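Coordinates in review
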Amino acid sequence: AAATMPSPPATAGVSVAGGTIHINYNTPHMRGRKIMGGLVPYGKVWRTGANPATTIITTVPLKFGSLLVPAGTHTLFSLPSPGTWQLIISKDVGEWGLAYKPNMDLGRVPMTSVPMSEPQEVMSLSFEHTTPDSTQLHIRWEKTDEYVTITKP
């Protein structure tokens, strides 16, 4: 089993606001570990996935919360916290293990927390509650569900 990738690649996609959003990420698993405030420390920027940088590609400009994100390829990071999380959209794009560079921030958006009753073993990114002009991007892992609303500018 040593040859299997412990955090397999995954994608999330949605059609919204006249265009599409596509995310490529890798899915870490809990494997009995404490995740939030443990494996994923609070107050430190997280690549919001495992191994390669998490890439988000939009075909149209969109608003992530109050942040205008132009069409194109960006890197998604987050800043986990016991309080309000921040979603970070970076202009930096690259390959494996891209280091976070604060000067490359397009911006940061506060996230909304949703209570979860049961822990989720595999980290996920998903688009939910999608309408023609808006969607929610959810980050879920362990007992954390954080989302930001994405709307047509």
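This report concerns the structure included in the present document. (Residues numbered from 1 in each chain as written. Predicted model: local features only at pLDDT ≥ 70, side-chain atom pairs only at ≥ 80, totals over all residues. Heavy atoms only, no water.)

Let's talk about the sheet that holds strand E6 (residues 72-79)
Spatially, six strands are ordered E1-E2-E3-E6-E7-E8 in an open sheet, and the strand pairing comes out antiparallel. At either end of the open sheet lies a strand with only one pairing partner, and these are strand E1 (9-16) and strand E8 (105-110). Ignoring strand direction, the axes of neighbouring strands in this sheet form an average angle of 25°. Bridge analysis of E1 against strand E2 (residues 19-26) gives eight bridges, and the strand direction is antiparallel. Bridging from a neighbouring strand, Pro9 pairs with Asn26 of E2. (Pairing = 2+ DSSP bridges. Helix = DSSP H or I, 4+ residues; strand = E, 2+ residues; numbered from the N terminus. Axes fitted to C-alpha atoms, helices over the stretch in contact; angles between N-to-C directions.)

Observations regarding the packing of aromatic side chains
Taken as a whole and judged by the stated rule, the model has three aromatic pairs. Ring geometry for Trp46 against Trp85: centres 6.2 Å apart, planes inclined by 80°, an arrangement best described as edge-to-face. Pair noted here: Trp46 is in the loop between E2 and strand E3 (54-58) and Trp85 is in the loop between E6 and strand E7 (86-90), with a separation of 39 residues, a long-range link. The same class applies to Trp46 and to Trp85, which are both buried. Considering the side-chain rings of Phe77 and Tyr100, the 5.0 Å spacing of their centres and the 70° angle between planes classify their relative orientation as edge-to-face. Placement of Phe77 in strand E6 and of Tyr100 in the loop between E7 and E8 is noted, with a sequence separation of 23 residues between them. (Phe/Tyr/Trp six-rings, centres within 6.5 Å; stacked < 30°, edge-to-face > 60°. Buried < 20%, exposed > 50% of the residue type's maximum accessible area, 1.4 Å probe, protein only.)

Description of the pattern of salt bridges
According to the stated counting rule, one finds five salt bridges in the structure shown. Notably, a salt bridge pairs Glu128 with Arg140, separated by 2.7 Å at the nearest N-O pair. Taken together, the positions of Glu128 in strand E10 (residues 120-128) and Arg140 in strand E11 (residues 134-142) put the pair twelve residues apart, joining distant regions of the chain. One salt bridge in this structure joins Asp133 and Lys152, with 3.9 Å as the shortest N-O distance. Taken together, the positions of Asp133 in the loop between E10 and E11 and Lys152 in the segment after strand E12 (144-151) put the pair 19 residues apart, joining distant regions of the chain. Taking the relative accessible area as the measure of exposure, Asp133 reaches 40% and is therefore partly exposed. (Salt bridge = Lys/Arg side-chain N within 4 Å of Asp/Glu carboxyl O.)

Some thoughts on the nonpolar core
Of all hydrophobic cores here, the largest spans 32 residues; its most connected members are Ile23, Phe64, Leu87 and Leu137. Only E1, E2, strand E4 (62-64), strand E5 (67-69), E7, E10, E11 and E12 provide two or more residues apiece to this core. In this structure Ile23 touches Ala10, Thr11, Ala12, Thr54, Thr55, Ile56, Leu76, Leu125, Phe127 and Leu137, once residues within four positions along its chain are discounted. (Core = buried A, V, L, I, M, F, W, Y, C linked by side-chain atoms within 4.5 Å. Contact = heavy atoms within 4.5 Å.)

Comments concerning the side chain of His138
Examined against the element boundaries, His138 turns out to sit in strand E11. The class for His138 is buried, based on a relative accessible area of 3%. A polar contact is formed between the side chain of His138 and the side chain of Gln136, at a distance of 2.7 Å. A polar atom in the side chain of His138 sits 2.6 Å from the side chain of Asp145. Once residues lying within four places of it in the same chain are set aside, the contact partners of His138 are Val114, Ser124, Leu125, Ser126, Glu128, His129, Asp145, Glu146 and Tyr147. (Polar contact = N/O pair within 3.5 Å; in protein donor to acceptor, adjacent residues only side chain to side chain.)

So, to be careful, I would describe these as geometric facts and stop short of saying anything about function.
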